[in-house]
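An overview of the molecular structure
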Amino acid sequence: MQILIASHLEAEHVEAIRASHPDVEVLYDPSLIGVPQYVADHHGPTPRLSAAEQQRWEDMLARAEVAFDFDWQDPAALPQRAPNLKWIQATSAGIGAFMRRTGLDRSGIVATTAGGVHAVPLAEFALTGALFVVKGLPYLQRQQREHRFERYTTRQLAGMRVTVVGVGGMGSNVVRTFDAIGARVTAVGRVGGSYELPEGVELSDVDRLDEVLPTTDVLVLCTALTPETENLISADRIALLPEGAAVVNISRGQVIDEDALIEALRSGRLGGAALDVFREEPLPADSPLWDLDNVLISPHSASTVESENATLTALFIENLARYRAGESLLNRFDADRGY
């Protein structure tokens, strides 16, 4: 069996994969793939390959039965360029739109996502974003810039009503995090979904979202992007949120009506937002979001921590053992559901 590592991975993690299955050949040449710009960057600037290097990359693709990440050159052509490829381990949790765009959702190649790998750092960002609004950090920053030392009254997140939309590996950890600090949490899952939630957490579903939003102090978006969730938080639903509510988006930018969100933030009707994802990325320089002091902007990096590649490698090694044993794979992508 040949395994192709198609994006940057530190030598220690490559060796861990080799050591876990000594009879497997690991194909990895960092000179043929993107150079990471930061730790755990799997989409670094693509290199210009010489004819010989290009041929070497083509040969590696053609030999691979398993791939750690997608071909950076032409993922849509993987069925033709990698005819022996059976399974791809993605380095991202949200691959639905990518799979549809490239046609890989209909290719017959099994894909597994990185679902759960980013659950802890994303929950930490969700909590940070909620506290950014609830504890009035924009106000404190203005006071600091103006050298004003004036006591004030803040709010308490414990006891507030937090609605978490999406209760997968990421969302369930967000639910537990807010529940642990004493927030009153409502988890919004898919219709008919079954979830293991802490005692006291209320379970709702997307069909009842309009009933939940008017009593939501903090809205946290964790759902996968699918045709059903695109624009899920529409202008009408943003209008249902109470005055002063906070919005945290660690899902995808297309899940919420960004123009309506901007207007609600600009008018002051919403208390603030913490956004890791946007309708267009990179966020355009002329987006009004940059200049709203009640908005915390993260460049789609809330999930990226220095330990990410170690966690991804552990997931891949576990799935590789399952693959070789003919067992079900963790985080197998479901084309019908889109995640």
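The sections below set out a description of the structure shown in this document. In this text the structure is predicted, and so the values were computed from the model without any measurement. (Residues numbered from 1 in each chain as written. Predicted model: local features only at pLDDT ≥ 70, side-chain atom pairs only at ≥ 80, totals over all residues. Heavy atoms only, no water.)

1. Topic: the layout of surface pockets
For clarity, the threshold we go by: Note on definitions: the grid is 1 Å and covers protein atoms alone; a cavity is a set of points where a 1.4 Å probe fits but cannot get out; a pocket is an open set with protein on both sides within 12 Å along at least five of seven lines; lining residues have an atom within 4 Å of a point. Grid points are joined across faces, edges and corners, and a volume is the space filled by probe spheres set on the points. Secondary structure counts use DSSP, requiring at least four H or I residues in a row for a helix and at least two E residues in a row for a strand, with both numbered from the N terminus. Residues are grouped as follows: nonpolar covers Ala, Val, Leu, Ile, Met, Phe, Trp, Tyr, Cys and Pro; charged covers Asp, Glu, Lys and Arg; every other residue, Gly included, is treated as polar.
Space inside the second largest pocket adds up to approximately 240 Å³. Lining the second largest pocket we find 13 residues, and of these Val-133, Gly-136, Pro-138, Gly-271 and Asn-294 sit closest to its centre. Those elements that place two or more of their residues in the lining of the second largest pocket are helix 5 (119-134) and helix 6 (137-145). Examining the composition of the lining of the second largest pocket, we find that 3 residues originate from one element, helix 6, more than from any other. Partitioned by chemical class, the residues of the lining of the second largest pocket number 5 nonpolar, 5 polar and 3 charged.

2. Quick word on the sheet that holds strand 12 (residues 295-297)
Here is the rule we go by: Following DSSP output, two strands are said to pair if at least two bridges run between them. Every axis corresponds to a line fitted to the C-alpha atoms, with the helix fit spanning only the stretch in contact, and the corresponding angles, defined between N-to-C directions, vary from 0 to 180 degrees.
Pairing is parallel across the open sheet formed by 7 strands, whose spatial order is 8-7-6-9-10-11-12. The sheet is open, and its two edges are formed by strand 8 (202-205) and strand 12, each paired on a single side. Strand-to-strand twist of the sheet, defined as the mean angle between neighbouring strand axes without regard to direction, takes the value 15 degrees. Direction of pairing for strand 7 (residues 184-189) relative to strand 8: parallel, over a ladder of 4 bridges. Within strand 8, the residue paired with Gly-189 across the bridge is Asp-205.

3. Description of unusual backbone geometry
Each neighbour pair has its own omega, and for Glu-281 with Pro-282 the value is -5 degrees, a cis peptide bond. Structurally, Pro-282 can be placed in the loop between strand 11 (272-275) and strand 12. Non-glycine residue Ala-40 carries a positive phi angle of around 70 degrees. Counting through the fold element by element, Ala-40 comes out in the loop between strand 2 (25-27) and helix 2 (51-63).

4. Re the pairing of strand 1 (residues 2-5)
To be explicit about the condition: Convention used here: a crossover is right-handed provided that the path from the first strand, over the helix, to the second strand proceeds clockwise when the strands point away from the viewer.
By the bridge criterion, 3 bridges tie strand 1 to strand 2 in an arrangement that is parallel. Considered in strand 2, the bridge of Ile-3 is made with Val-26. Read as a crossover between parallel neighbours, the route from strand 1 over helix 1 (residues 11-20) to strand 2 is right-handed. Alignment of strand 1 against strand 3 (residues 66-68), held across 3 bridges, turns out to be parallel. Bridge assignment links Ile-3 to a residue of strand 3, and that residue is Val-66.

5. Observations concerning the side chain of Ser-251
The cut-off we apply is this: The rule is simple: take the accessible area with a 1.4 Å probe, protein chains only, and divide by the maximum for that residue type; under 20% is buried, over 50% is exposed, in between is partly exposed. Should any heavy atoms of two residues lie within 4.5 Å, those residues are counted as being in contact.
Among the secondary structure elements, Ser-251 is positioned in the loop between strand 10 (246-249) and helix 10 (258-266). For Ser-251, a relative accessible area of 2% puts it in the buried group. Contact partners of Ser-251, with chain neighbours within four places excluded, come to Leu-221, Cys-222, Thr-223 and Val-277.

6. Focus: the packing of aromatic side chains
How we decide: Centres within 6.5 Å make a pair out of two Phe, Tyr or Trp rings, where for Trp the six-membered ring is used; the pair is then stacked when the planes are under 30 degrees apart, edge-to-face when over 60, and tilted otherwise.
A complete count under the given rule lists 6 aromatic pairs for this structure. Look at Tyr-139 and Tyr-152: their rings are 5.1 Å apart centre to centre, the planes differ by 40 degrees, and that puts the pair in the tilted class. You can see Tyr-139 sitting in helix 6 and its partner Tyr-152 sitting in the loop between helix 6 and strand 6 (161-165), a full 13 residues away along the chain. Among the aromatic residues, those joined into a cluster by ring pairs are Phe-68, Trp-87, Phe-316 and Tyr-323.

7. Some words on the side chain of Thr-186
In this structure, Thr-186 sits in strand 7. Owing to a relative accessible area of 12%, Thr-186 belongs among the buried residues under this scheme. Sequence-distant contacts of Thr-186, defined by excluding residues within four places in its chain, comprise Val-162, Thr-163, Val-164, Glu-202, Ser-204 and Val-212.

8. Quick notes on helix 2
Quick note on the threshold: The span you would expect from a helix comes to 1.5 Å times its residue count less one. What the arc measures is the spread of directions leading from the helix axis to the C-beta atoms.
Compared with an ideal rise of 1.5 Å per residue, which puts 13 residues at 18 Å, helix 2 spans 19 Å between its outermost C-alpha atoms and is within 8% of the ideal. For helix 2, the complete set of buried residues consists of Trp-57, Met-60 and Leu-61. Each buried residue of helix 2 lies within a common arc of 100 degrees when the element is viewed along its axis, so the set occupies one face. Opposite the buried face of helix 2, at more than 90 degrees from it, the exposed residues are Ala-51 and Ala-52. For helix 2, the secondary structure elements touched by its buried residues are strand 1, strand 2 and helix 3 (78-81).

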